[in-house]
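Listed below, chain by chain, are the residues.
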Amino acid sequence: MPGLLRGVARTAVVAGTATAVSNRVSRRQAGRWAQQDTQQAPAQPAYQAPPPQAAPADDMSSKISQLKELGELKSQGVLTDAEFEAQKARLLAS
């Protein structure tokens, strides 16, 4: 009887240890996959500039109207201050 009890106890310890190790390995692997997914996901800009349009005869009036549109987008909360300044600088540099 003591030999049988010892065998059952040993089996329980081995099975318990194997289960604990397996669970820990699964959690670590899931964490690594989640970390890889966040690193591989490309960052998407909050606002993407519209494609350039054909320049009309009066370039200055075009820039003014585009600046007004940018101002409206900023006042509506579509653009942040930083995005507004970046787009304004890009527009004035062209």
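See the structure above.
Residues numbered from 1 in each chain as written. Predicted model: local features only at pLDDT ≥ 70, side-chain atom pairs only at ≥ 80, totals over all residues. Heavy atoms only, no water.

What is the right way to look at the overall build of the protein in this model?
Looking only at helices and strands, one finds three helices and zero strands in the protein. Listing the helices and strands of the protein from first to last along the sequence gives α-α-α. The buried share of the protein, reckoned over its 94 residues, is 9%. Only carbon and sulfur atoms are counted for the fraction: they give 59% of the accessible area of the protein, which is about 7,900 Å². (Helix = DSSP H or I, 4+ residues; strand = E, 2+ residues; numbered from the N terminus. Buried < 20%, exposed > 50% of the residue type's maximum accessible area, 1.4 Å probe, protein only. Areas by Shrake-Rupley, 256 points an atom, 1.4 Å probe, with all protein chains shown as cover.)

Is there a simple way to explain helix α2 (residues 59–75) in this structure?
Structural remark: α-helix, 3.6 residues per turn; residues separated by three or four positions point the same way. In this model α2 runs 24 Å from its N-terminal to its C-terminal C-alpha over 17 residues, within 8% of the 24 Å that 1.5 Å per residue would give. What α2 keeps buried is the set Ser62, Lys63 and Leu70. One side of α2 carries all its buried residues, which in axial view fall inside an arc of 95°. Away from the buried face of α2 by more than 90 degrees, exposed residues Met60, Lys68 and Ser75 are located. (Expected span 1.5 Å × (residues − 1). Arc of directions from axis to C-beta.)

Is there a simple way to explain the pattern of salt bridges in this structure?
Two side chains that carry opposite charge are able to pair once their charged atoms sit near each other. Counted by the stated rule, this structure contains two salt bridges. Residue Asp81 is joined to Lys74 by a salt bridge in which the shortest nitrogen-to-oxygen separation is 3.4 Å. The class of Lys74 is partly exposed, set by a relative accessible area of 32%. One salt bridge connects Glu85 with Lys88, and the closest N-O pair in it is separated by 3.5 Å. With Glu85 and Lys88 both in helix α3 (residues 81–93) and three residues apart, this pair spans about one turn of that helix. We classify Glu85 as partly exposed; its relative accessible area is 40%. (Salt bridge = Lys/Arg side-chain N within 4 Å of Asp/Glu carboxyl O.)

Explanation requested: the side chain of Glu83 in the structure shown.
Inspection of the secondary structure assignment puts Glu83 in helix α3. Buried charge Glu83 goes without a salt bridge, the closest partner of opposite sign being Lys74 at 11 Å. A distance of 3.0 Å separates a polar atom in the side chain of Glu83 from the backbone nitrogen of Thr80. (Lys, Arg positive; Asp, Glu negative; His and termini not counted. Polar contact = N/O pair within 3.5 Å; in protein donor to acceptor, adjacent residues only side chain to side chain.)

Any chance you could explain a positive patch on the surface here in plain terms?
There is a patch of like positive charges on the surface, built from Arg24, Arg27, Arg28 and Arg32. With respect to the helices and strands, the residue Arg27 is situated in helix α1 (residues 2–40). (Patch = residues over 30% accessible without salt bridge, like charges linked within 9 Å, V, L, I, M, F, W, Y side chains within 5 Å. Charge placed at Lys NZ, Arg CZ, Asp CG, Glu CD.)

Could you clarify how one ought to interpret the packing of α2 against α3 in this entry?
As a packed pair, α2 and α3 sit with axes 10 Å apart at the nearest point and diverge in direction by 175°. Taken together, the axes of α2 and α3 are roughly antiparallel relative to one another. Of the residues in α3, those touching α2 at Lys63, Gln66, Leu67, Leu70, Gly71 and Lys74 are Asp81, Phe84, Gln87, Lys88, Leu91 and Leu92. Classifying every residue of the contact of α2 with α3 gives five nonpolar, three polar and four charged. (Axes fitted to C-alpha atoms, helices over the stretch in contact; angles between N-to-C directions. Parallel < 35°, antiparallel > 145°, perpendicular 65-115°, else oblique. Contact = heavy atoms within 4.5 Å. Nonpolar A, V, L, I, M, F, W, Y, C, P; charged D, E, K, R; others polar.)

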